[in-house]
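These are the residues of each chain, in order.
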Amino acid sequence: MLLVSGLTGGIATGKSSVAAVFQEFGIPVIDADQIARKVVEPGKPAWHKIRKEFGLEIFLDTDELDRAKLGDLIFNDIEKRKKLNAITHPYIYKKIYWQAFKYFLQGHQFILMELPLLFETGHMLNYLHKIIVVTCEEDLQLQRLMERTGFTEAKAKLRIAAQMSLEKKAEMANFVIENSGSEYDTRQQSIRIINVLKASKYHWKLRFLVGFCCTILLAGVYWLKNRTLRSLLTIA
């Protein structure tokens, strides 16, 4: 049985740094942002729908999405943001489920899903065993976002405000990683959570339950097969 933990937080809080630590320890990570980029590549179904809905002005000469223009468009208009999500999310979640299924077939006990908008959409909440939220000080989050993107302070604040507050996300988490300090400190917090997850016996309970159900199912099939065979012999 595959246990799935969710990793979320605010923009520029350091989710990818935490995910990298999990990968170092052999835990597969499904990155929703990476998948989101793939589903809107030129020629993909979502790409065609976005082109039809929002027009050619948000595309580059290479036919790729102009992410800067698209970002400005949707972050200034809630309705357009909802339309974009309605187009892309079905394709994104389909790929997420497929990747999770492949990891299950490979025999992994745990996977981590990096889901920036986990609480905002609420879509995956019922499928997650544990939720990890990465937070940092507000001023530091703003500084990191501005340095990473080149946004003005006003634009960066708008992007941050478009998401649920870090405080509210932390309240709904099973684990919180405070990423305002050093890289070493963040790494140690991540490792402690990994050790807690690996020490958990919950996945063995699920494996036992699944195994028990499969045994009952197979026993029922075997009994039905024998009963049918005996009936045929009696008739003969």
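Residues numbered from 1 in each chain as written. Predicted model: local features only at pLDDT ≥ 70, side-chain atom pairs only at ≥ 80, totals over all residues. Heavy atoms only, no water.

Under the convention used in this document: UniProt positions are given in the numbering used here, feature names are shortened, and annotations may be inferred rather than shown by experiment.
Per an unreviewed UniProt entry, the recorded name for the protein is Dephospho-CoA kinase domain-containing protein, and the organism is Apis mellifera. According to UniProt, the comment filed for the protein under the heading Sequence similarities (unreviewed entry) is "Belongs to the CoaE family."

1. Quick look at the overall build of the protein
How we decide: Numbered from the N terminus, helices here are DSSP runs of H or I no shorter than four residues, and strands are runs of E no shorter than two. In this scheme, a residue with accessible area under 20% of its type's maximum is buried, one over 50% is exposed, and one in between is partly exposed, where area comes from a 1.4 Å probe on protein chains only. Per-residue and other accessible areas were derived by the Shrake-Rupley procedure at a 1.4 Å probe size, with only the shown protein chains allowed to occlude residues.
When helices and strands are tallied, the protein shows 11 helices and five strands. Classification of the 236 residues of the protein by burial places 37% in the buried group. Surface summary for the protein: the accessible area is close to 14,300 Å², and the carbon and sulfur share equals 58%.

2. Things to note about the packing of helix α4 (residues 67–75) against helix α8 (residues 153–161)
How we decide: Working convention: axes come from line fits to C-alpha atoms, limited for helices to the stretch in contact. Angles between N-to-C directions cover 0 to 180 degrees. Definitions for this section: a left-handed crossing has its near helix turned counterclockwise from the far helix by less than a right angle. A right-handed crossing has that turn clockwise. Any pair of residues with heavy atoms lying within 4.5 Å of one another is described as a contacting pair. Any residue outside Ala, Val, Leu, Ile, Met, Phe, Trp, Tyr, Cys, Pro, Asp, Glu, Lys and Arg is labelled polar, Gly included; the first ten of those are nonpolar and the last four are charged.
Axis separation between α4 and α8 bottoms out at 11 Å; the angle between their running directions is 65°. You can see that α4 and α8 cross each other, and the crossing is left-handed. Residues Ala 68, Gly 71, Asp 72 and Phe 75 of α4 pack against Lys 155, Leu 158 and Arg 159 of α8. A per-class count over the contact of α4 with α8 returns three nonpolar, one polar and three charged.

3. A look at the confidence of the model for the protein
Note the cut-off: Scored between 0 and 100, pLDDT is the confidence that the predictor attaches to each residue.
Looking at the protein, the pLDDT average stands at 88 and 84% of residues meet or exceed 70. Below a pLDDT of 50 lies the segment residues 203–215, which in the model reaches 12 contacts outside its immediate sequence neighbourhood of four places, other chains included.

4. What to know about the packing of aromatic side chains
Quick reminder of the rule: Aromatic rings from Phe, Tyr and Trp, taking only the six-membered ring of Trp, are treated as a pair when their centres fall within 6.5 Å; an angle between ring planes under 30 degrees marks them as stacked, one over 60 as edge-to-face, and anything in between as tilted. In our convention, an over-ring charge means Lys NZ or Arg CZ found within 6 Å of a ring centre and within 35 degrees of that ring's normal.
Tallied over the full model, the rule gives four aromatic pairs. Where Trp 47 meets Phe 59, the ring centres are 5.7 Å apart and the plane angle is 80°; that geometry is what we call edge-to-face. Residue Trp 47 is located in helix α3 (residues 45–54), and its partner Phe 59 is located in the loop between α3 and α4; the two are separated by 12 residues in the primary sequence. Ring-pair connections join several aromatic residues into one group, and the members of that group are Trp 98, Phe 101 and Phe 104. Geometry around Phe 59 places Arg 51 over its ring, the cationic atom sitting 5.0 Å from the centre.

5. Details of the pattern of salt bridges
In a structure, side chains of opposite charge can pair up when their charged atoms sit close to one another. Threshold: Just to be clear on terms, a salt bridge is a Lys or Arg side-chain nitrogen sitting within 4 Å of an Asp or Glu carboxyl oxygen.
Tallied over the entire structure, the rule returns nine salt bridges. A single network of salt bridges, built from pairs that share partners, joins Asp 72, Lys 155 and Arg 159.

6. Let's talk about the nonpolar core
Worth spelling out the cut-off: What makes a nonpolar core is a set of buried Ala, Val, Leu, Ile, Met, Phe, Trp, Tyr and Cys residues whose side-chain atoms join them at distances within 4.5 Å. A domain assignment, automatic or from a database, supplies the domain bounds used here.
Formed by 33 residues in total, the largest nonpolar core has its most connected members in Ile 30, Ile 50, Ile 96, Ile 111, Met 113 and Leu 115. Secondary-structure elements contributing two or more residues to this core are α2 (32–39), α3, α4, α5 (78–105), β3 (110–114), α6 (118–121) and β4 (130–135). At seven residues, α5 tops the list of elements feeding residues into this core. Taken domain by domain, the makeup of this core includes at least three residues from each of domain 1 (1–28 + 109–199) and domain 2 (37–107). Residues in contact with Met 113, not counting those within four places in the same chain, are Val 4, Ser 5, Gly 6, Leu 7, Ile 30, Ile 96, Ala 100 and Met 124. In terms of nonpolar packing, the next biggest core, distinct from the first, is built from 18 residues, Leu 3, Leu 7, Val 18 and Ala 19 among them.

7. A word on the sheet that holds β3
In plain terms, the rule: For two strands to pair, DSSP has to find at least two bridges joining them.
What the five strands build is an open sheet, ordered β2-β3-β1-β4-β5; its pairing is parallel. Every interior strand has two partners, whereas the edge strands, β2 (29–31) and β5 (175–178), have only one. For this sheet the average axis-to-axis angle between neighbouring strands, irrespective of direction, equals 20°. Two elements, strand β1 (residues 3–9) and β3, share five bridges in a ladder whose sense is parallel. Residue pairing in the sheet places Leu 7 in a bridge with Glu 114 of β3. The strands touched by α5 are β2 and β3; relative to β2, the strand with the most contacts, the crossing angle is about 170°.

8. Overview of unusual backbone geometry
Of note in this structure, Ala 12 is not a glycine but carries a positive phi near 65°. For Ala 12, the position within the fold is in the loop between β1 and α1 (15–24). Exposure remark for Ala 12: the relative accessible area of 8% places this residue in the buried category. Phi angles above zero are rare outside glycine, and Asp 63 is one such case at about 75°. Structurally, the position occupied by Asp 63 is in the loop between α3 and α4.

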